Amino acid sequence: MKIHEYQARDLLAQAGIPVPPSVVIESSLLAEEAFIKATKGMASPLAVIKAQVHAGGRGKAGFVKLVKTAPEARAAAEFMLTNKMVSVQTGPEGLVVKKLLVAAGVDIASEYYLAITTDRATRRNVLIASKEGGVDIEIVAHERPEAIIKEPLHPTLGLQSFAARKVAYELGFTGKLANQTADIMQKLAKLFVEKDCSLAEINPLVLTGKPSTTNCPNASSPLPNASLPTASLLAIDAKFNFDDNGLFRHPDLQAMADPTEENPAELRAHAAGLSYIALDGNIGCLVNGAGLAMATMDIIKLHGGTPANFLDVGGGATEEAVTEAFKIILSDQSVKGILVNIFGGIMRCDIIAQGVVNAAKTYKNPDGSTGFKVPLVVRLEGTNVEAGRKILSEAKSLVPTLQAATDLTDAAKKVCNAVGK
Ligand code: GDP
Ligand code: MN
């Protein structure tokens, strides 16, 4: 599960990591007021307006804007809420922006990267840090991997003080700043474990240039603090990903889910107990078992086709779930053919067949007619296969596009031919 930056900032602030004060708005009419609130107490007001979407690369896409006046804030907000954001992470269709963060702007001397994630190779959680943080971190990681520091966490003790300080020195910090950096790293590492994260990232963590009036440990209290040192550290962007399997332990995180940011077909599948991932091809797949689903996608590729989705109906799917699975696949307008590949073990072939027939009976085409128009290739094998084949052959008039396949290769060839590949 992903969350928005403003929610990530709240988690950081609760953990005691310094974050600039900010306000979330959903209408550009509130931008001027938000600007005044976020910049309260600043000698020369500066705010940053940031699109809140579950995708990064916002800075380069023009959806992180620095503004110095309230009218500028409103113009930036207006732009972001009325244009789709297209970044390297969104795909060409872009994302609609519904929420904005208006945060106190920071005078930046340098930008650092900090993250905790799991390194599968070493089977350890790892701190990743770089003194070249900011919008080009992916390029740095790719072209100069030596600029990325990796420090494994202790399996039970987490990020220990000496390890955190070592990395802080490697980042070039000394004295109080080294202590402060190490403290932030340890707090981030603790959050990572406590919240069952798969990623906890601050990018950038910034060293401020001038005395800052925005260094508030608590994001919700934008009061200036005159006693701050001339340079201090602030987290100005954060990203958290959570392990879905750990969410049941975290009602606070569950409450942060934003369904409007998720793929609607994936949400619908999740509600029906199906594992579904939308892809960009034109062959819909309905398969039981994750391994068989992967193999089915591979063999479609091998024969020149492209899968439109990954869909695992699982072992215990009901007729209703299978029917729903068909509706979800068909709701994707780019689907030009469907391959049903079932190896009946716990899943019975007759249940799948009945699901196909029910879906054909109830599916409404855009022109109002009932039944499948797209070519459908079915390969059934295993438990109750004869009963399943019988159900399908008896319902031939309902599914006139149906072709039976003898094995996986035959099925893949048939569906690829049917979509013209
Ligand atoms: P991202 O592009 O989606 O990762 O969005 P970020 O929040 O990381 O912002 C991108 C870049 O905008 C940062 O790396 C900074 O260089 C710049 N930026 C963001 N907030 C501020 C700010 O308060 N002051 C200044 N000077 N630059 C900022
Ligand atoms: Mn960032």
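## Description of the overall build of the protein
Here is step 1: On a plain count of helices and strands, the protein comes out with 14 helices and 16 strands.
Here is step 2: Over its C-alpha atoms, taken along the principal directions, the protein stretches across nearly 80 × 50 × 40 Å.
Here is step 3: Scored against the burial criterion, the 421 residues of the protein give a buried share of 49%.
Here is step 4: Put simply, of all contacts in the protein between residues at least 6 apart along the chain, 70% involve residues at least 24 apart.
Here is step 5: As presented, the protein carries roughly 19700 Å² of accessible surface, and 56% of it is formed by carbon and sulfur atoms.

## Side note on the packing of helix α10 (residues 290-302) against helix α14 (residues 408-418)
Here is step 1: At a minimum axis distance of 9 Å, the contact between α10 and α14 shows a crossing angle of 55 degrees. The orientation of α10 relative to α14 falls into the category oblique. For the crossing formed where α10 meets α14, the hand is right-handed. Across from Thr-296, Ile-299 and Ile-300 in α10, the residues of α14 making contact are Leu-408, Thr-409, Ala-412 and Cys-416.
Here is step 2: Classifying every residue of the contact of α10 with α14 by side-chain character gives 5 nonpolar, 2 polar and no charged.

## A few points about the site of ligand 1
Here is step 1: Surrounding ligand 1, one finds 17 residues, the nearest of these being Lys-50, Arg-58, Gly-59, Val-106 and Glu-111.
Here is step 2: One of the backbone nitrogen or oxygen atoms of Gly-59 is found 2.8 Å away from an oxygen atom of ligand 1.
Here is step 3: The separation between a nitrogen atom of ligand 1 and a polar main-chain atom of Val-106 is 2.7 Å.
Here is step 4: Its free accessible area being 570 Å², ligand 1 has 84% of it covered by the protein chains.
Here is step 5: A class-by-class count of the residues in the shell around ligand 1 yields 8 nonpolar, 5 polar and 4 charged.

## Digging into the coordination of the manganese ion (ligand 2)
Here is step 1: With distances of 2.2 to 2.3 Å, the protein atoms coordinating the manganese ion (ligand 2) are Asn-203 (O) and Asp-237 (OD). A residue pair is termed long-range when its members are at least 10 positions apart, and Asn-203 in strand β8 (residues 197-208) and Asp-237 in the loop between β9 (233-235) and β10 (238-242) qualify at 34 residues.
Here is step 2: Assessed through its relative accessible area of 11%, Asn-203 is described here as buried.

## A short note on the nonpolar core
Here is step 1: In terms of nonpolar packing, the biggest core is built from 42 residues, with Leu-12, Leu-114, Leu-171, Leu-188, Ile-202, Phe-240 and Phe-242 touching the most fellow members.
Here is step 2: Leave out the neighbours within four places in its chain, and Phe-242 touches Met-1, Ile-3, Leu-11, Lys-195, Asp-196, Cys-197, Ser-198, Leu-247 and Leu-253.
Here is step 3: Of all hydrophobic cores here, the second largest spans 40 residues; its members include Leu-286, Ile-329, Leu-330 and Val-356.

## Brief notes about the packing of aromatic side chains
Here is step 1: Under the counting rule described, the total for this entry stands at 5 aromatic pairs.
Here is step 2: Aromatic pair Tyr-112 and Phe-173: ring centres 4.7 Å apart, planes at 40 degrees, arrangement tilted. Highlighted residues: Tyr-112 in strand β5 (residues 108-119) and Phe-173 in the loop between α6 (161-170) and α7 (175-194), separated in sequence by 61 residues.
Here is step 3: Taken together, Phe-326, Tyr-363 and Phe-372 form an aromatic cluster joined through their ring pairs.
Here is step 4: The ring of Phe-79 carries Lys-65 above its face, with NZ or CZ at 4.0 Å from the centroid.

## Comments concerning the sheet that holds strand β3 (residues 64-67)
Here is step 1: Taken together, the 4 strands give an open sheet; going across it, the order is β1-β4-β2-β3, and neighbouring strands pair in antiparallel fashion. At either end of the open sheet lies a strand with only one pairing partner, and these are β1 (22-25) and β3. Averaged over all pairs of adjacent strands, the angle between their axes in this sheet comes to 20 degrees, without regard to strand direction.
Here is step 2: Across the face of the sheet, helix α4 (residues 70-82) comes into contact with β2 (47-52), β3 and β4 (99-104) while running at roughly 165 degrees to β3.

## Topic: the side chain of Arg-58
Here is step 1: With respect to the helices and strands, Arg-58 occurs in helix α3 (residues 58-61).
Here is step 2: Within the structure, Arg-58 has its side chain in polar contact with the side chain of Asp-237 (distance 3.0 Å).

## Side note on the confidence of the model for the protein
Here is step 1: Across the protein, pLDDT averages 92, with 95% of residues at or above 70.
Here is step 2: In this model, residues 211-229 is a region of pLDDT below 50 whose contacts with residues beyond four sequence positions or in other chains number 41 contacts.

## Thoughts on the pattern of salt bridges
Here is step 1: Evaluation of the coordinates by the stated rule reveals 20 salt bridges.
Here is step 2: Arg-268 is the partner of Glu-324 in a salt bridge, and the nearest nitrogen-oxygen pair spans 2.8 Å. Remark: Arg-268 occurs in helix α9 (residues 264-271) and Glu-324 occurs in helix α11 (residues 319-330); sequence separation between them is 56 residues.
Here is step 3: When salt bridges with common partners are traced through the structure, they connect Glu-5, Arg-9, Lys-50, Arg-58 and Asp-237 into a single cluster.

## Concerning the packing of α11 against helix α12 (residues 349-362)
Here is step 1: At their nearest, the axes of α11 and α12 sit 8 Å apart, and the two run at 50 degrees to each other. By the angle class used here, α11 and α12 are oblique. Two packed elements cross with a definite hand, and for α11 against α12 that hand is right-handed. Each of Glu-319, Val-322, Thr-323, Phe-326 and Lys-327 in α11 lies in contact with α12, whose residues at this interface are Ile-351, Ile-352, Gln-354, Gly-355, Val-356, Asn-358, Ala-359 and Thr-362.
Here is step 2: Taken together, the residues of the contact of α11 with α12 break down into 6 nonpolar, 5 polar and 2 charged.

Thresholds, definitions, all that
Residues numbered from 1 in each chain as written. Chains lettered and ligands numbered in written order. Predicted model: local features only at pLDDT ≥ 70, side-chain atom pairs only at ≥ 80, totals over all residues. Heavy atoms only, no water. Helix = DSSP H or I, 4+ residues; strand = E, 2+ residues; numbered from the N terminus. Buried < 20%, exposed > 50% of the residue type's maximum accessible area, 1.4 Å probe, protein only. Contact = heavy atoms within 4.5 Å. Areas by Shrake-Rupley, 256 points an atom, 1.4 Å probe, with all protein chains shown as cover. Axes fitted to C-alpha atoms, helices over the stretch in contact; angles between N-to-C directions. Parallel < 35°, antiparallel > 145°, perpendicular 65-115°, else oblique. Left-handed = near helix turned anticlockwise from the far one by under 90°. Nonpolar A, V, L, I, M, F, W, Y, C, P; charged D, E, K, R; others polar. Near = heavy atom within 4 Å. Polar contact = N/O pair within 3.5 Å; in protein donor to acceptor, adjacent residues only side chain to side chain. Donors = N, O, S within 2.8 Å, 3.2 Å for Na, K, Ca; no water. Core = buried A, V, L, I, M, F, W, Y, C linked by side-chain atoms within 4.5 Å. Phe/Tyr/Trp six-rings, centres within 6.5 Å; stacked < 30°, edge-to-face > 60°. Lys NZ or Arg CZ within 6 Å of the ring centre and 35° of its normal. Pairing = 2+ DSSP bridges. pLDDT = per-residue confidence, 0-100. Salt bridge = Lys/Arg side-chain N within 4 Å of Asp/Glu carboxyl O.

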